[in-house]
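# Reading the structure
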Amino acid sequence: MIDSSRLDTLTGATVLDNDGDKIGSVGQVYIDPSTGAAAWLTVKTGLFGTGESFVPATDASYEGDDVRVGYAKAFVKDAPRVDAGGALDDHDTDALYNYYGFGSTENAGGSTATDGTVGYDTSGPTTDDAMTRSEEHLEVGTERVETGRARLHKYVVTEQETVTVPVSHEEVRVVSEPITERNAGDAFDGPDISEEDHEVVLTGDRVVTETEAVPVERVHLDTTTVTEQETVSGDVRKERIELDGDQTGTTPRV
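Everything quoted here is computed from the prediction, not taken from an experiment.

Together, E195, E196, D197 and E199 line one region of the surface with negative charge. Of note, D197 is situated in the segment after α3 (184-187). Since its relative accessible area comes to 77%, D197 is described here as exposed.

See the structure below:
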């Protein structure tokens with residue numbers, strides 16, 4: 001049961017469903033003018049609280065600073081859409097009573113409306129001699145969404161690589177040396193006059209290439225968060241209060 005002395009703390013309070021899940025926050029409080037007790041609460045739902053759903057306040061109760069109602073979250077969100085901000089007419093209340101299983105306004109009884117006038121704001125004429133001026137503030141939040149995808153793809157390319165390596169080879173040259181006592185034996189060995197071939201095998205370096213696959217680095221994807229400023233615009237409603245009547249001077253406006 002909502003304590004009538006705490007009605008001024010309801011607006012903005014978090015509304016929980018019968019399982020304790022958050023539905024939204026209290027937008028407005030509608031009271032029964034015959035009893036002064038809260039009859040209906042509007043619950044702001046949606047990403048930025050743009051939608052308002054009516055839920056009975058008769059079985060609502062405080063749970064700390066939150067308000068718990070006796071209905072499931074989805075059931076409250078599917079309630080008949082009624083424009084919040086003014087008194088509820090018979091058509092509106094009948095639709096809400098039927099949806100929540102109370103019957104019509106004629107046999108609602110208890111703390112519900114009696115003559116089709118449910119729906120004075122807590123700052124209305126049934127409370128005190130002052131009224132509360134309210135206005136909507138644009139609440140902006142963010143949600144994480146997928147903006148794109150990146151993937152690593154490995155493929156093979158063939159490139160020309162030039163490497164300079166030293167190579168050596170043998171070249172032949174004719175060396176003549178005089179007959180000496182050291183080589184006389186070899187010089188006089190054999191016939192005096194003859195024909196002879198002498199062959200020398202020449203060697204040289206030949207460049208041989210082969211390839212070897214070796215790991216050179218590890219590559220992976222990483223993400224960096226970049227924060228930018230984005231301007232968001234939205235329509236907000238603001239209440240204005242002015243003095244009506246045969247008053248002299250400038251009509252005050254708040």
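Next, the rest of the story.
Using the criterion set out here, one finds five salt bridges in the structure. With a closest N to O distance of 3.1 Å, E63 and R68 form a salt bridge. We classify R68 as partly exposed; its relative accessible area is 24%. Salt bridges here are not isolated pairs; linked through shared partners, they connect E52, E136 and R237.

Time to look at the sheet that holds strand β4 (residues 51-56). An order of β4-β3-β2-β1-β6-β5 is seen for the six strands of this open sheet, with the pairing classed as mixed. A single partner strand is all that each edge strand has here, and the edge strands are β4 and β5 (61-63). Sheet twist, expressed as the mean angle between neighbouring strand axes with direction ignored, is 45°. Relative to β4, strand β3 (residues 38-45) runs antiparallel, the two sharing six bridges. Pairing of T42 across the sheet is with F54, part of β4.

Among the nonpolar cores identified, the biggest contains 30 residues, and I2, L10, V29, W40, V55 and V67 are the most heavily contacted of them. Among the secondary structure elements, those contributing two or more residues to this core are β2 (22-31), β3, β4 and α2 (90-99). Ignoring sequence-local partners within four residues, the contact set of V55 consists of A39, W40, L41, V43, V69, Y71, V76 and Y100.

Attention now goes to the packing of aromatic side chains. Applying the stated criterion across every chain, the model contains eight aromatic pairs. Among the aromatic side chains, those forming a connected cluster through ring pairs are W40, Y71, F75, Y97, Y99 and Y100.

We now examine the pairing of β2. Consecutive residues of a regular strand have side chains that alternate between opposite faces of the sheet. Across the ten residues that make up β2, a large majority, eight, are buried. Relative to β2, strand β1 (residues 14-16) runs antiparallel, the two being bridged by three bridges. Looking at β2, one finds that V15 is bridged to G24. Between β1 and β2, which pair antiparallel in sequence order, lie five residues; one of them, G20, sits at a positive phi of approximately 90°. Alignment of β2 against β3, held across five bridges, turns out to be antiparallel. Opposite Y30, over in β3, you have W40 as the bridge partner. The turn joining β2 and β3, which pair antiparallel and follow one another in sequence, is formed by six residues; a positive phi near 80° is taken by G36.

Conventions and cut-offs
Residues numbered from 1 in each chain as written. Predicted model: local features only at pLDDT ≥ 70, side-chain atom pairs only at ≥ 80, totals over all residues. Heavy atoms only, no water. Patch = residues over 30% accessible without salt bridge, like charges linked within 9 Å, V, L, I, M, F, W, Y side chains within 5 Å. Areas by Shrake-Rupley, 256 points an atom, 1.4 Å probe, with all protein chains shown as cover. Salt bridge = Lys/Arg side-chain N within 4 Å of Asp/Glu carboxyl O. Lys, Arg positive; Asp, Glu negative; His and termini not counted. Charge placed at Lys NZ, Arg CZ, Asp CG, Glu CD. Helix = DSSP H or I, 4+ residues; strand = E, 2+ residues; numbered from the N terminus. Buried < 20%, exposed > 50% of the residue type's maximum accessible area, 1.4 Å probe, protein only. Pairing = 2+ DSSP bridges. Axes fitted to C-alpha atoms, helices over the stretch in contact; angles between N-to-C directions. Core = buried A, V, L, I, M, F, W, Y, C linked by side-chain atoms within 4.5 Å. Contact = heavy atoms within 4.5 Å. Phe/Tyr/Trp six-rings, centres within 6.5 Å; stacked < 30°, edge-to-face > 60°.

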